[in-house]
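Fold and contact review
Here is what each chain is made of, one letter per residue.
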Amino acid sequence: MKYLLISCCVFFLITPLVAQQQAAERRISKKMERALKVICPQNDDICKLLKELQIKVNRFNQQEAMDDTEGLFADVEGIKYVFNLIEQRYKKLTIKPLELTHFIQSKYSFIVIYLHSYLDKYRKDLISQIEQSWKERKQLFAQFKTELESANPNRNKLNGYKSDLAKVYQKLATQNTDLKEMYETLVPVYTELSTKEKSIENSLQTLKEKIAEQNSLIRKIKQDLEKIPLD
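An account of the accompanying structure is given in this report.

The rules we used
- Residues numbered from 1 in each chain as written.
- Predicted model: local features only at pLDDT ≥ 70, side-chain atom pairs only at ≥ 80, totals over all residues.
- Heavy atoms only, no water.
- Axes fitted to C-alpha atoms, helices over the stretch in contact; angles between N-to-C directions.
- Helix = DSSP H or I, 4+ residues; strand = E, 2+ residues; numbered from the N terminus.
- Parallel < 35°, antiparallel > 145°, perpendicular 65-115°, else oblique.
- Left-handed = near helix turned anticlockwise from the far one by under 90°.
- Nonpolar A, V, L, I, M, F, W, Y, C, P; charged D, E, K, R; others polar.
- Buried < 20%, exposed > 50% of the residue type's maximum accessible area, 1.4 Å probe, protein only.
- Lys, Arg positive; Asp, Glu negative; His and termini not counted.
- Salt bridge = Lys/Arg side-chain N within 4 Å of Asp/Glu carboxyl O.
- Contact = heavy atoms within 4.5 Å.
- Disulfide = S-S within 2.5 Å.
- Arc of directions from axis to C-beta.

Packed helices, taken two at a time, are described by the angle between their axes plus the distance between the axes. One can describe the packing of helix α7 (residues 155-196) onto helix α8 (residues 201-227) by two numbers: an axis separation of 9 Å at closest approach and a directional angle of 160°. Taken together, α7 and α8 sit at an angle that is classed as roughly antiparallel. The two elements α7 and α8 cross, and the hand of that crossing is left-handed. Class assignment of the residues belonging to the contact of α7 with α8 gives a composition of 16 nonpolar, eight polar and five charged.

A word on the environment of R27. Along the chain, the position of R27 falls in helix α2 (residues 18-39). For R27, a relative accessible area of 53% translates into the label exposed. Sequence-wise, R27 and S106 are 79 residues apart; in three dimensions their C-alpha atoms are separated by 9.7 Å.

Here we take up the side chain of E147. Inspection of the secondary structure puts E147 in helix α6 (residues 107-148). No salt bridge is formed by the buried E147. Its closest oppositely charged neighbour is K157, at 4.3 Å. Discounting chain neighbours no more than four positions away, the residues touching E147 are N152, P153, N154, K157, L158 and Y161.

Throughout the structure, instances matching the rule amount to six salt bridges. Between K210 and E213 there is a salt bridge; the shortest N-O distance is 3.6 Å. With a gap of three residues between them, K210 and E213 both fall in helix α8, about one helical turn apart. For K210, a relative accessible area of 12% corresponds to the buried category. Close ionic contact of D224 with K220 constitutes a salt bridge, the shortest N to O distance being 3.6 Å. Residue D224 and its partner K220 are located together in helix α8, separated by four residues, close to a single helical turn. Residue class for D224 comes out buried when judged on its relative accessible area of 11%.

Right, let's talk about the state of the cysteines for a bit. Within the structure shown, the criterion is met by one disulfide. Covalently, C40 is tied to C47 through a disulfide, its sulfur atoms 2.1 Å apart. Sign of the S-S torsion, about 85° for the bond between C40 and C47, identifies this disulfide as right-handed.

Before going further, it helps to spend a moment on helix α5 (residues 98-105). The complete set of buried residues in α5 reads L100, T101, F103 and I104. Buried residues in α5, looked at end-on, bunch into an arc of 165°, giving them a common side. In α5, the exposed residues that point more than 90 degrees away from the buried face are L98 and Q105.

Below, the structure written as structure tokens:
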């Protein structure tokens, strides 16, 4: 069925290859180190913010290594917030150090790098759960059909299969709603980024398309749930 394929194959944005991701993170890290080296002797306020940003990035990497998906998005928002503070201070500088200028110019790629990293981990975990639920649904349907087509169908078994199917459909509705809401949470972030960086407009459009797909899938799941006759 088409909606089964949508659930199993849904893929969010164009996630960079691991090697590309790591290379991009190294380039950003070097720019941050150069900015720290130049700024800290000159501007204590911006220096503190750069160090805070560095701490948040390190915390993000630690949580990512521990598969702490719950804390990752909060860290991404924190990274974005501190970067904005640095940019505000930068604009007020009479003399703008070249190293800090280069770092500020990397703002949007910097934020997107960590958004992609968060999304890739969260998406994989959630879609893995959804795929497992579809497998449960397939198995229950097979068991129900086998029992229904047997010489003497057992009514209690049939009712049990229908009850379990209803539970799986409810779980699928919840899981796919969680995925949709994760996409929706990111719309304001990508909308803001796209106003500054045109290349992000395609990612924003893909995000909106995925939300529409999820809405359609969730409606289909709920419709099928209503069709299960429970005695």
